[in-house]
Amino acid sequence: MLNKNTDSLSLKILVAAISLVFSASVTAGNDHGKNNDENHVETHASNHVENHGNLASSSKTKLKSYLTSGVEPLAQGEIKLEQQTSKTEFSAEVKIPVPSSALAVTDSAVATSATMFLVLRNNLGVDYAECHLDLNNIKTATKRGVSGVIAEYEVKVSDRNGFLQASRGVCDIDLVTVGIQSGIPLIQYGDSAEVTIDTNNAIVGLGNF
């Protein structure tokens with residue numbers, strides 16, 4: 001009788017010990033899963049914030065077009081738009097030889113009084129902005145041993161933290177409204193440009209973005 005009671009007590013102790021070990025194992029497993037979930041959420045949130053910040057700080061757009069196909073083969077020009085987080089800059093520069101019979105620019109006096117017009121069109125062919133380029137400089141340049149007079153025209157507009165400044169020339173960005181609505185033309189990929197001169201309305205150059 002004593003041996004039976006002793007065996008029964010030993011069996012109860014063994015069952016209790018196994019239950020305790022199993023309970024501890026389940027609790028540890030649940031805690032491990034919980035920690036994994038928390039770590040995953042925290043890491044995902046940190047990466048999202050970091051990547052978003054890097055994307056914002058490196059956000060930059062730059063478009064440029066060189067003028068071609070004008071009636072004056074020696075004319076040159078380029079149009080640029082650069083956008084960053086705190087500033088946007090737009091500029092266009094055109095250079096023509098003086099004299100130029102194709103542009104009806106007979107001498108420096110005519111070049112000085114002339115105005116260049118830059119029209120920007122979207123990919124549907126609709127004009128959305130027009131800029132007036134002012135004379136920047138008339139100088140004598142030497143290329144390959146040949147000297148000639150060059151007239152340079154320019155428009156340059158910038159926006160720094162909401163402050164618009166036109167250092168040379170002007171751009172009208174609303175062609176529907178009467179008068180000049182000064183601003184920066186926000187060029188898009190697929191847009192085109194046309195530059196003419198008011199001496200004879202000849203096309204100085206064409207460009208594509």
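Reading the values: the criteria
- Each residue is numbered by its place in its chain's sequence as written, counting from 1.
- Residue-level local features of this predicted model are given only where pLDDT is at least 70; pairs of side-chain atoms are given and counted only at 80 or more, and the full residue set underlies all totals for whole chains, interfaces and linings.
- As a rule here, side-chain values come from all non-hydrogen atoms in the structure, and water together with hydrogens is ignored.
- With a 1 Å grid laid over protein atoms only, a set of points is called a cavity when a 1.4 Å probe fits there but cannot get out and a pocket when it is open yet has protein on both sides within 12 Å along at least five of seven lines; lining residues have an atom within 4 Å of a point.
- Grid points are joined across faces, edges and corners, and a volume is the space filled by probe spheres set on the points.
- A run of DSSP states H or I qualifies as a helix once it reaches four residues; a run of E qualifies as a strand once it reaches two. Both are numbered from the N-terminal end.
- Throughout, a disulfide means two cysteine sulfur atoms within 2.5 Å of one another.
- Each residue's exposure class comes from its accessible area (1.4 Å probe, protein chains only) as a fraction of the maximum for that residue type: buried when under 20%, exposed when over 50%, partly exposed otherwise.
- Take the buried residues of types Ala, Val, Leu, Ile, Met, Phe, Trp, Tyr and Cys, join any two whose side-chain atoms come within 4.5 Å, and each joined set is a nonpolar core.
- Two strands are counted as paired when DSSP detects at least two bridges linking them.

Draft legend 1. Up close: the layout of surface pockets. Taken as a whole, the largest pocket holds about 440 Å³ of empty space. Lining the largest pocket are 15 residues, with Leu-74, Gln-76, Ala-141, Lys-143 and Ile-150 sitting closest to its centre. Contributing elements (two or more residues each) for the lining of the largest pocket: strand E3 (87–98), strand E5 (127–143) and strand E6 (146–160). A total of six residues in the lining of the largest pocket trace back to one element, the largest contributor, which is E6.

Draft legend 2. Quick look at the state of the cysteines. With the rule as written, the count across this model stands at one disulfide. In this model, Cys-131 is linked to Cys-171 through a disulfide, with the two sulfur atoms separated by 2.0 Å. Sign of the S-S torsion, about 105 degrees for the bond between Cys-131 and Cys-171, identifies this disulfide as right-handed. You can see Cys-131 sitting in strand E5 and its partner Cys-171 sitting in strand E8 (residues 170–172), a full 40 residues away along the chain. Residue classification places Cys-131 among the buried positions, given a relative accessible area of 0%. For Cys-171, a relative accessible area of 1% gives the class buried.

Draft legend 3. Representation of the nonpolar core within the structure. Of all hydrophobic cores here, the largest spans 33 residues; its most connected members are Ile-79, Phe-90, Ile-96, Met-116, Leu-118, Leu-133 and Val-204. Of all the secondary-structure elements, those providing two or more residues to this core are strand E2 (76–83), E3, strand E4 (116–121), E5, E6 and strand E9 (192–197).

Draft legend 4. Main features of the pairing of E3. Inspection of the sheet shows E2 paired to E3 by eight bridges, in the antiparallel sense. Considered in E3, the bridge of Leu-81 is made with Phe-90. Connecting the antiparallel pair E2 and E3 is a turn made up of three residues.

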